[in-house]
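Residue-level listing of the chains:
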Amino acid sequence: MAPLRTAVLSAFCALLSVGIASPAQSHTESVRRSIARRTNGNGTCPIPTDIPVRASKESPFLPLTNEDFGSVVDWLFQPEQNLNLTSVSNENLTQTDNYIWLIEALHPNKTDILNYLDRNSTKPRKYARVVINEGGKEIPDATEYFVGPLPIDNTTTIKTLDYIYTSSPHIPFNARFEDGPRSTAIDSIVAKTMSSIADITKDLMEIEYYGQSDERSNCQYFVSKPSSGNGSQSIVWLPWRLNGIAPYDQMMDFYASFDISGTDESLYTFRMFVYNNVVYTSVQQFREAWESGKIIKSPVTPLDESHLRKDRIGDFRELETRFAPTTVELDGKRYKVDEENRYVEYLGWSFYTGFTRDVGIQFFDIKFKGERVIYELSLQDAVAQYAGNNPFQAGTAYNDRFYGIGALMGRLIPGYDCPYHATYWNSTIHGAESTNTNINSICIFETDIGHPITRHSAETYKQATKGSALVVRVVATVGNYDYLWDYTFMTDGAIGDHWGPRIAETITGTLHTHVMNFKVDFDIIDDKNSFVKTDLIIENITQPWYPERGTFEMARLNFTELQTEDEGLLPSTVANGQTMYTIQNNAHKNKWGVPRGYRIVPGVSNVHLPSMLSPWFLKSGQYAKQAMAVSRQHDTEPYSSAALNQNLPEAPLVEFWSFFNGESLRQEDLVVWVNLGMHHYTRSEDLPNTLMSEAHSSVVFAPQNWGDVEGTRDLANAVIYNRGEGDIAGPFTNGVNPPSCFALGPEDELLGVFENGSA
C-alpha cells in the first residue's frame with residue numbers, strides 16, 4: 001500500500017565546469033574536443049560501493065539483539081515468573097497451553113528519546129514487548145506484557161502492557177491469533193464435517209477434504225476475518241479453494257460456517273453451508289438436496305493454472321528484447337549508510353530507521369540540513385474491506401497488521417524490484433522462541449526522478465537543475481496482496497510516501513477498498529507546532545479601478561488555525577484542491593516573517609473507507625474513516641491500530657477516535673494521521689497481477705515557508721546559461737560532469753542550447 005516514483009536515466013548531462021570565462025570560440029572548441037573523446041565511452045564505469053558513515057548517536061530505535069531476545073526467553077521460562085509456559089517446540093502443544101507468541105522491542109517513549117538525542121541524557125534502556133497466549137488460565141486469553149529493563153538484571157520485571165492501548169491488554173481467547181495450535185483445533189470440526197460430505201463436494205466441485213494432514217484432501221480453506229465481534233464468541237466462514245500455486249484465485253462457490261468459540265474443541269459446532277447462494281442449515285439438509293437432484297451446479301473452477309502464472313506469452317513486441325532503461329549511479333553513490341545503527345544521510349537529509357513485525361520499516365528523527373522535520377514516519381496498518389454476494393466476501397475486513405506486514409517483507413529482486421547497485425539491508429523478526437531473518441528485504445537507492453527539480457528560461461538566461469531523490473523501498477506479500485512502499489526524500493526538502501499494490505484477485509473479483517494509515521509525527525524545528533487549514537474561496541467583490549465590471553468573482557485565501565482536537569478529524573480532500581493543510585511552528589519564522597512549516601500535498605487516490613457503520617470495522621478501523629486526522633502527541637497513544645484489533649471490531653485494543661478529546665492543537669506536539677489507498681474496481685486485467693501503473697496512492701510533505709528561498713539553490717548538479725558577449729552562451733555546470741566511461745552523442749551537446757539570448 002504508498003507513492004511510486006518510476007524513474008528513468010536522464011539522457012542530458014553537463015559537459016563543462018563552472019567558471020569557464022574564455023570567449024565563445026574557446027567554449028566551442030573545448031566542448032567539441034570533449035564529445036569527440038567521449039562518444040563511445042570506455043565501458044569501465046566502476047561498480048558503486050556504499051559510503052560508510054557513523055551516526056552521531058547510537059540508535060535507540062533498533063530491534064532486540066539476538067542476545068537480548070534469548071535472555072528474555074530464558075527469563076520468562078524461569079519458575080519464579082509464574083507463567084507456566086510450554087515451549088512452542090513441544091509436539092503436544094495445544095491451544096489450552098500457555099506459550100509465547102511474540103517477543104520484540106518496545107520503543108522507548110518519545111520524551112525519553114528526545115532527551116537522549118537533543119539533551120545528551122543517557123540512552124534509554126531497552127524493554128521487550130511480549131505476547132503470550134494463555135489458554136491454560138481459568139479465563140483463557142492472550143495477554144500483552146512488557147519486560148525490562150534490558151539487559152536482564154535484578155531490576156527486570158514483567159508487567160501488563162496497558163499504557164499504549166485504549167482498552168485492556170488481555171485479549172479474549174476468541175479474538176486471539178490463529179496460530180498452529182488454534183488452527184489444529186479448528187480443523188477437527190472442519191475435517192469431521194467435510195469428510196462426511198466428501199462424495200457431494202467431489203460431485204459438485206471435484207474437491208474432497210479429510211483434514212489438513214490427510215493426503216486425500218485436494219483443497220483448502222481460509223478462516224474469515226474478523227472471526228469475532230467483541231471476543232465473546234467466534235463464528236467463522238470458510239471459503240473453499242483448490243490447492244495450487246495461487247489458491248486465493250481458485251475459489252469454489254461453496255462456504256461453510258462454524259462456531260469455534262472457547263478452548264474446548266469438542267464443543268465446536270457446524271452452522272451452515274452456502275452453495276450457489278443457497279443456504280443449508282444442516283449436513284442432512286445439504287445431502288437430501290443433493291440426493292434429490294435439487295442442487296443446481298455452479299461452474300467448476302478449472303484445474304488449469306496457466307491463467308495464474310506470469311510466464312511470458314505471445315509474440316515479442318518490436319525492440320522490446322532490448323534491455324529496458326534503468327537507474328544507474330555512474331559517478332558512485334551520493335548517500336551514506338550506517339548499517340549497524342540503520343542510519344542514512346543523503347544530500348542534507350538524515351534519519352534513523354526501525355523495524356517491527358507488525359508494520360515493517362519505520363523512520364525516526366528525520367532532519368533536513370540539520371533541522372528536524374519529522375520525529376516519526378511509520379505505517380500503522382493496511383486494511384481492506386470487501387463487498388460481495390457471498391458470506392465470505394460480505395463479511396471480510398482485513399487488518400494486515402494482524403498478519404505481520406514486517407514479517408512478510410521478503411527478499412527483493414535486484415534490477416527489477418530495485419535498481420542495480422542498490423544498498424540492501426536484512427530484516428530480523430523474533431517470534432516466540434526463534435528468530436527469522438529476511439535477506440535483502442529493504443533496498444535503498446538514489447534515482448533520477450525523470451524531470452528537472454527546477455527549470456526556467458528567460459531572455460538573459462536558461463537554467464535546469466537535475467531532479468534526483470533517495471528511495472527506501474520494501475515489498476510485503478500478504479496473502480494475495482503484494483504491497484510496495486516507497487519512502488522518497490527529495491533534494492528540495494520534500495518527502496514522498498507512495499504505496500502501490502500488486503493484487504492477485506479471485507477469478508470473479510469483488511469490489512473492495514484498500515486504506516493505508518500512516519503516522520506522521522511532525523516536529524517542525526521543535527515539538528511545538530500548529531495546524532493550519534488554508535481555503536481558497538471565491539467571493540463577489542468590486543474594485544474602483546474596474547468600475548465597468550461592477551461586481552465580479554475573485555479568489556482569496558482564508559486561513560484557519562485548528563484550535564482543539566474536536567476539529568482534528570478532517571473530511572475528504574475538498575473538491576478542486578481548494579484546501580491546503582500545513583504544519584507550522586509559529587515561534588520560528590523565516591526572514592520574511594512567516595512561520596516555517598511543511599504542507600501536506602495529496603497525491604493520487606487519497607481515499608478512506610466508504611462505510612462508516614460497517615460491523616466489521618465498527619470501532620477497530622476508525623483511523624481509516626477520514627482522509628486525515630490531527631491529534632496531540634502522547635506516549636500513551638503511539639499507534640492508531642493494533643494487530644489484535646483484527647478480531648475485535650466492536651471492542652478494539654486501540655479505539656482511534658478516543659484520542660480526540662478536546663485538547664489544544666495550538667503550538668503543541670502534534671501528530672498527523674494520513675490515509676492512502678484505492679477503491680479497487682476489479683477488472684480482467686487484475687489477473688494474474690494488478691498493474692501498478694494506476695493502482696497506487698501517494699502523498700508528499702513539502703516545505704512551506706521552511707526556508708527563505710526554494711531549497712535547491714545549493715545543488716551543484718545544475719546547468720545555467722548566462723547571456724554575455726558573443727552569439728553563443730556557454731554552459732556552466734559547477735564542475736559536475738558525466739564520468740568518462742559514459743558514452744555521449746552529438747544530441748547531448750550542451751553548447752548551442754542558448755544562442756543569441758534566445759530562450
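Predicted model, so just to flag it, every value in this text is computed and none were measured. By convention here, each chain's residues receive numbers from 1 onward along its written sequence. Owing to the predicted nature of the model, reporting of local features is limited to residues with pLDDT of at least 70; listing and counting of side-chain atom pairs is limited to 80 or more, with chain, interface and lining totals taken over all residues. Hydrogens and waters are ignored; side-chain quantities use all the structure's heavy atoms.

## A short note on the packing of helix α5 (residues 198–205) against helix α6 (residues 283–291)
- It is the contact of α5 with α6, at a shortest axis distance of 11 Å, that shows an interaxial angle of 50 degrees. On the basis of their axis angle, the class for α5 and α6 is oblique. Handedness of the crossing formed by α5 with α6: left-handed. Here D199, I200, D203 and L204 of α5 come into contact with α6, specifically with F286, R287 and W290.
- Each residue gets one of three labels, nonpolar for Ala, Val, Leu, Ile, Met, Phe, Trp, Tyr, Cys and Pro, charged for Asp, Glu, Lys and Arg, and polar for the others, Gly among them. When grouped by side-chain class, the residues that make up the contact of α5 with α6 number four nonpolar, no polar and three charged. Lines fitted to C-alpha atoms define the axes, with helix axes restricted to the stretch in contact, and inter-axis angles between N-to-C directions lie between 0 and 180 degrees. For the purposes of this entry, the term helix denotes a DSSP run of H or I that reaches at least four residues, the term strand denotes a run of E that reaches at least two, and both are numbered from the N terminus. Throughout, the term roughly parallel applies to angles under 35 degrees, roughly antiparallel to angles over 145, roughly perpendicular to angles from 65 to 115, and oblique to all others. Handedness of each helix crossing follows the sense of rotation of the near helix against the far helix: counterclockwise by less than a right angle gives left-handed, clockwise gives right-handed. Contacts are assigned to residue pairs with any non-hydrogen atoms lying within 4.5 Å of each other.

## Side note on the nonpolar core
- With 66 residues, the main nonpolar core has W485, Y487, F489, F522, F531 and F701 as its most contacted residues.
- The dominant element in this core, judged by the number of residues it contributes, is strand β16 (residues 371–386), at seven residues.
- Beyond its immediate stretch of four places on either side in the chain, Y487 contacts I361, F363, L377, L379, L470, V471, V472, G496, D497 and F518.
- In these notes, a set of buried Ala, Val, Leu, Ile, Met, Phe, Trp, Tyr and Cys residues joined through side-chain atoms within 4.5 Å is what counts as a nonpolar core. For the exposure calls, accessible area comes from a 1.4 Å probe over protein chains only, and a residue counts as buried if that area is under 20% of its type's maximum, exposed if over 50%, partly exposed in between. F617, Y623, A643 and W673 belong to the second largest nonpolar core, which has 33 residues in total.

## Comments concerning the side chain of N390
- Within the secondary structure layout, N390 lies in the loop between β16 and α7 (391–394).
- Polar contact is the term for a pair of N or O atoms within 3.5 Å; when the atoms are in protein, one must be able to donate a hydrogen and the other to accept it, and sequence-neighboring residues count only if both atoms are side-chain atoms. A distance of 2.7 Å separates the side chain of N390 from the backbone nitrogen of Q393, its partner in a polar contact.

## Describing unusual backbone geometry
- A cis geometry characterises the amide bond from L150 onward to P151, with omega recorded as -5 degrees.
- Here P151 lies in the loop between β4 (141–150) and β5 (157–160).
- In this structure, the amide linkage connecting K225 to the following residue, P226, adopts the cis form with an omega of 0 degrees.
- Inspection of the secondary structure puts P226 in the loop between β7 (219–221) and β8 (235–242).

## Some remarks on the pairing of strand β13 (residues 343–346)
- Between any two strands, at least two bridges found by DSSP are needed for them to pair. For strand β12 (residues 335–338) and β13, the ladder comprises four bridges, and the chain directions are antiparallel. Along β13, the bridge assignment pairs V337 with V344.
- Between β12 and β13, which follow one another and run antiparallel, lie four residues, and R342 among them has a positive phi close to 50 degrees.
- The sheet contact formed by β13 and strand β14 (residues 349–356) spans four bridges and is antiparallel. In the sheet register, E345 faces β14, and the bridge partner there is S350.
- Between β13 and β14, which pair antiparallel in sequence order, lie two residues; one of them, L347, sits at a positive phi of approximately 45 degrees.

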